[in-house]
Amino acid sequence: MRDRKRPLFAANWKMYMGPHEVEAFISKYTTLFAPRDDATIVIFPPSISLVPFALAVEGRSDLEFGIQDVHTEVQGAHTGAISAAMVSGTQATWGLAGHSERRSEFGDGDAMVGTKLGRLFDAGIQPILCVGETIEEREAGRLFNVLERQIRGALEPLSEDVRRELVYAYEPVWAIGTGHTATPSDASEAHAIVREVVAAIVDEENAKAVTILYGGSVKPENIKELITAAGVDGVLVGGASLDPASWAVICDCGR
Ligand code: PGA
C-alpha cells in the first residue's frame, strides 16, 4: 500500500533516454543520490527503455519506475501500441495517463484517458491522471471548468475502487517546457480545485488524502518553494530530470 504522506518525486523522460543511455544515467545518479526512506522516487522512461531501466536499477528498491502512456485495449491489432498488461511484465509499477502532450499531439480525450487509467489499475499499476489548462483557458477564467471537465470525464468510466486509488498531476500547459513556472500560490489554487472536484465525485476523505503532484518547469532552483506550497504533495519533472545531477538535487529536497 502506498504511503500517501511521503512526498513523491517523479521524472517524466518523454522521448529522451533510449535504451543505450539508461545505464550511464542510473550509475551517475546512484553515486550522487543516497536512498531516502521518507520519499518516493519514480522515473517514467520511454517504453523502449523500461526493460534496460529495470536491469539498471536492480538492487535499488528505492527507485520505482513506470510507463508514460498505454493503449486503451489489453491486446489486439494496434500497431505500435503497448498495453498496461504488457507493462506489468517489466516490473513497472506506475503509469501516466492524460499528459498534455498526449492530449494535444495524439488526441487523447477525457473518456479515453479514463479507460487508460482503468487498464493501468487492472494491471496492478498505480495510475496518475494528468490535468492542466492552456494559457488561453486560464486567461479566459476557465481554470476551474477545465480541471473539473478533465477529472469528471476521466473518472466517469471508472469504478469506485479505481477512483479512490488515483494520484493526480496538475500540469499547467503554459508551464510545461517553457521555463514559466507556476507560482506556489498558482499551484496551491489549482490543487485546491482538484481536491474540491475529487471531494464532489469521490468524497471528502479521499480528497484530503489524495496525492497531487505539480508539474511544469520544476528545477533545482524552484523545487523547494513548489514542494512546500500548500496542497502540493510532490512534483512531476520533465527537462530537469534528464540530467542526473539536477535530478539528484531535486530528489534531495527536504531530506
Ligand atoms: P517540464 O515538463 O518539467 O520540462 O516542464 C513537465 C512535464 O511535462 O511532465
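Counting restarts for each chain: residues are numbered from 1 in the order of the written sequence. The predicted origin of the model limits local features to residues at a pLDDT of at least 70 and limits the giving and counting of side-chain atom pairs to 80 or more, whereas totals for whole chains, interfaces and linings rest on all residues. The side-chain numbers reported here are obtained from all heavy atoms of the structure, hydrogens and water having been left aside.

## Some points on the site of the ligand
What counts is decided by this rule: Whether a residue is near a molecule or strand is decided by its heavy atoms; if any one of them lies within 4 Å of it, the residue is near. Counted as a polar contact is a pair of N or O atoms within 3.5 Å, where, for protein atoms, one must be capable of donating a hydrogen and the other of accepting one, and residues adjacent in sequence contribute only when both atoms are in side chains. Computed with the Shrake-Rupley method and a 1.4 Å probe, the accessible areas treat only the protein chains shown as cover for residues. Amino acid classes used here: Ala, Val, Leu, Ile, Met, Phe, Trp, Tyr, Cys and Pro are nonpolar; Asp, Glu, Lys and Arg are charged; the rest, including Gly, are polar.
Taken together, the neighbourhood of the ligand is formed by 13 residues, with K14, H99, E171, G177 and S217 sitting nearest. One nitrogen or oxygen atom from the main chain of G177 is found 2.6 Å from an oxygen atom belonging to the ligand. In the environment of the ligand, an oxygen atom lies 2.8 Å from a nitrogen or oxygen atom belonging to the backbone of G238. Protein chains shield 95% of the accessible area of the ligand, which is 280 Å² for the free molecule. Considering only residue class, the shell around the ligand consists of four nonpolar, seven polar and two charged.

## Re the sheet that holds strand β4 (residues 94-97)
For the record, the criterion: Strand pairing is defined by DSSP finding a minimum of two bridges between the two strands. Only DSSP runs of H or I with at least four residues qualify as helices, and only runs of E with at least two residues qualify as strands; both kinds are numbered from the N terminus onward. Lines fitted to C-alpha atoms define the axes here, with helix axes fitted over just the stretch in contact, and angles between the N-to-C directions of these axes take values from 0 to 180 degrees. Any two residues having at least one pair of non-hydrogen atoms within 4.5 Å are treated as being in contact.
One closed barrel accounts for eight strands, arranged β1-β2-β3-β4-β5-β6-β7-β8; its pairing is parallel. On average, each strand axis in the sheet is inclined to that of its neighbour by 25°, with strand direction left out of account. The pairing of strand β2 (residues 40-44) with strand β3 (residues 63-67) spans three bridges and is parallel. For V42, the partnering residue across the bridge sits in β3 and is E64. Contacting β3, β4 and β5 (126-131), helix α5 (residues 110-122) runs over the sheet at an angle of about 160° to β5.

## Considerations on the pairing of β4
The criterion, for reference: Exposure classes here rest on a 1.4 Å probe applied to the protein chains alone. A residue is buried below 20% of its type maximum, exposed above 50%, and partly exposed in between.
Side-chain alternation along β4 places W94 and L96 on one buried face and G95 and A97 on a second face that is also buried. Strand direction decides the pairing type here: β3 and β4, joined by two bridges, are parallel. Residue pairing for β4: G66 is matched across the bridge by W94. Inspection of the sheet shows β4 paired to β5 by four bridges, in the parallel sense. Bridge pairing in β5 places W94 opposite Q126.

## Focus on the pattern of salt bridges
Our working definition: A pair is scored as a salt bridge if a Lys or Arg side-chain nitrogen falls within 4 Å of a carboxyl oxygen belonging to Asp or Glu.
Scanning the model with the defined rule gives 17 salt bridges in all. The salt bridge partner of E101 is K14, with a shortest N-O separation of 2.8 Å. On the criterion of sequence distance, the pair formed by E101 in helix α4 (residues 100-106) and K14 in the loop between β1 (8-12) and α1 (19-32) is long-range, its members being 87 residues apart. What makes E101 partly exposed here is its relative accessible area of 26%.

## Some words on the packing of α1 against helix α12 (residues 244-252)
The condition is simple: Throughout, the term roughly parallel applies to angles under 35 degrees, roughly antiparallel to angles over 145, roughly perpendicular to angles from 65 to 115, and oblique to all others. The sense of a crossing depends on the near helix, which, turned anticlockwise from the far helix by less than a right angle, makes the crossing left-handed and, turned clockwise, makes it right-handed.
Contact pair α1 / α12: the axes reach a minimum separation of 9 Å and the direction vectors enclose 40°. It follows that α1 is oblique to α12 by the angle criterion. Here the hand of the crossing between α1 and α12 comes out right-handed. Here α1 contributes F25, K28, Y29 and L32 to the contact with α12, which in turn contributes P244, A245, W247, A248 and C251. For the contact of α1 with α12, a count of residues per class yields eight nonpolar, no polar and one charged.

## With respect to α1
Under the convention used in this document: The reported arc concerns the directions from the helix axis to the C-beta atoms and nothing else.
Buried residues of α1: V22, F25, I26 and Y29, and no others. Buried residues of α1 fall within an arc of 100° about the axis and therefore sit on the same side. Facing away from the buried side of α1 by over 90 degrees, the exposed positions are H20, E23, A24 and T31. Elements in contact with the buried residues of α1: β2, α2 (50-56), β3 and α12.

## Quick notes on the environment of Y214
Mapped onto the elements of the fold, Y214 is located in strand β7 (residues 212-215). Here Y214 falls in the buried class, since its relative accessible area comes to 0%. Sequence separation of Y214 and G132 is 82 residues, and the distance between their C-alpha atoms is 9.9 Å. The residues contacting Y214, other than those within four sequence positions of it, are Y170, P172, A175, T181, A182, A187, H191, L226, V232, G234, V235 and L236. Of the polar contacts made by the side chain of Y214, one reaches the backbone nitrogen of A182; its length is 3.1 Å.

## Quick look at the layout of surface pockets
Note the following rule: As defined here, a cavity is a set of points on a 1 Å grid over the protein atoms alone where a 1.4 Å probe fits but cannot get out. A pocket is an open set with protein on both sides within 12 Å along at least five of seven lines, and residues line them when an atom is within 4 Å of a point. Grid points are joined across faces, edges and corners, and a volume is the space filled by probe spheres set on the points.
Considering only enclosed or pocket space, the largest pocket measures out at about 720 Å³ in volume. Lining the largest pocket we find 23 residues, and of these S47, Q68, D69, R102 and F106 sit closest to its centre. Of all the secondary structure elements, the ones that give two or more residues to the lining of the largest pocket are α4 and α5. When residues of the lining of the largest pocket are assigned to their parent elements, the largest contribution, four residues, is made by α4. A class-by-class count of the residues in the lining of the largest pocket yields nine nonpolar, seven polar and seven charged. Within this model, the second largest pocket holds a volume of roughly 250 Å³. Lining the second largest pocket we find 17 residues, and of these K14, G177, S217, G238 and G239 sit closest to its centre.

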